[in-house]
Amino acid sequence: MKTNRLSKTLAAALNVQMTKEAHASQLYLSYAAWAEQQGLNGIADFLFRHASEERNHMMKILEYISKRGAEVLVTAIPAPPENPASINRCFEQIFTHEEGNTTAIYKLVKMSFDEADWATWNFMQWFVKEQVEEETLAMNLLNKMKIADGEKISGEALYVLDRDLKNTPDEIIAAQDVTTEHP
Ligand code: OFO
């Protein structure tokens, strides 16, 4: 008796997305290690935490594929990109990466819609919302850099940014989720 509740196409696409999330984790991990080498421990800390978040995304997809009775394919993770040339470039590359990931997520949403696989469509909504948070986070980093003069950021401004990012939560709470206890 067939118990696989995912189509071949969707199972393959979800497996690809699972590896993409693992790659995102490697990307944040490599940027974090790079930032740490520059003495930017606050920024490194922030990026290390984000690398774990991306790994959680990977696990979320892995569990879903498995729960739906399809085969999980754990494959090689593509190498992260080269180290950025500056902290400004680092944040720009993070934003570009998140934009790309949003496109990949939307593709999966569209595929599940076209197949009328409402379970997968519903599952993917979590990622749609998450990408809004991730893009907001990346945009906030870029806005901070703009205020600090981008590539021409002074040592003093970099010091303050690094100190502030150490304590910045790596999750943005969506307006609809804000409560008085969880502002
Ligand atoms: Fe998994 O959200 Fe960023 O890439």
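Along every chain, residues carry numbers that run from 1 in the direction the sequence is written. Where local features are concerned, this predicted model is filtered to residues with pLDDT of at least 70; where side-chain atom pairs are given and counted, the filter is 80 or more; whole-chain, interface and lining totals use all residues. For the side-chain quantities, the full set of heavy atoms in the structure was used; hydrogens and water were omitted.

**Quick look at a nonpolar patch on the surface**
Next up, step 1: Patches in this entry comprise residues that are over 30% relatively accessible and not in a salt bridge; like charges within 9 Å are linked, as are nonpolar side chains (Val, Leu, Ile, Met, Phe, Trp, Tyr) within 5 Å. Note that accessible areas follow from Shrake-Rupley with a 1.4 Å probe, and for residues the cover is restricted to the protein chains shown. For this document, the term salt bridge refers to a Lys or Arg side-chain nitrogen within 4 Å of an Asp or Glu carboxyl oxygen. Nonpolar side chains collect at one region of the surface, where Phe113, Trp118 and Trp121 lie side by side and expose about 330 Å² of accessible area between them.
Next up, step 2: Secondary structure is summarised from DSSP: a helix means a run of H or I of at least four residues, a strand means a run of E of at least two, and numbering begins at the N terminus for each. Here Phe113 is to be found in helix 3 (residues 87-114).

**Observations regarding the packing of aromatic side chains**
Next up, step 1: Planes of paired rings set the category: under 30 degrees apart is stacked, over 60 is edge-to-face and the rest tilted, where pairs are Phe, Tyr or Trp rings (Trp by its six-membered ring) whose centres lie within 6.5 Å. Inspection of every chain in the model, using the stated rule, returns 5 aromatic pairs.
Next up, step 2: Taking 4.0 Å as the distance between ring centres and 5° as the angle between the ring planes, the aromatic pair formed by Tyr64 and Phe123 counts as stacked. Here Tyr64, found in helix 2 (residues 41-67), pairs with Phe123, found in helix 4 (residues 118-147); they are 59 residues apart in sequence, far enough to count as distant. By the burial criterion, Tyr64 is buried, and Phe123 matches it.
Next up, step 3: Both rings, one in Phe113 and one in Trp118, keep their centres 5.6 Å apart while their planes meet at 80°; by these two values the pair is edge-to-face. Remark: exposure states derive from per-residue accessible area (1.4 Å probe, protein chains only) relative to the maximum for the residue type, with buried under 20%, exposed over 50%, and partly exposed in between.

**Description of the pattern of salt bridges**
Next up, step 1: Following the criterion strictly, the structure yields 5 salt bridges and no others.
Next up, step 2: Residue Arg49 pairs with Asp45 through a salt bridge whose shortest N-O separation is 3.7 Å. Here Asp45 and Arg49 lie together in helix 2, a separation of 4 residues that amounts to about one turn.
Next up, step 3: A relative accessible area of 27% means that Arg49 is categorised as partly exposed.
Next up, step 4: Among the ionic pairs, Asp164 bridges to Arg163, the shortest N-O distance being 3.7 Å.

**Points about the packing of helix 2 against helix 5 (residues 155-167)**
Next up, step 1: Following both chains from N to C, one finds helix 2 and helix 5 inclined at 35°, their axes separated by 6 Å at the closest point. Judged by the twist between their axes, the crossing of helix 2 over helix 5 is left-handed. Touching Asn41, Gly42, Ile43, Asp45, Phe46 and Arg49 of helix 2 are Leu161, Asp162, Leu165 and Lys166, all from helix 5.
Next up, step 2: Of the residues in the contact of helix 2 with helix 5, the class split is 4 nonpolar, 2 polar and 4 charged. Between N-to-C directions, angles cover 0 to 180 degrees, with each direction set by a line fitted to C-alpha atoms, over the stretch in contact for helices. If you view the pair so one helix is near and one far, a crossing is left-handed when the near helix is turned anticlockwise from the far one by less than a right angle, and right-handed when it is turned clockwise. Any two residues whose heavy atoms approach within 4.5 Å are treated as being in contact. When residues are grouped by polarity, Ala, Val, Leu, Ile, Met, Phe, Trp, Tyr, Cys and Pro land in nonpolar, Asp, Glu, Lys and Arg in charged, and all others, Gly among them, in polar.

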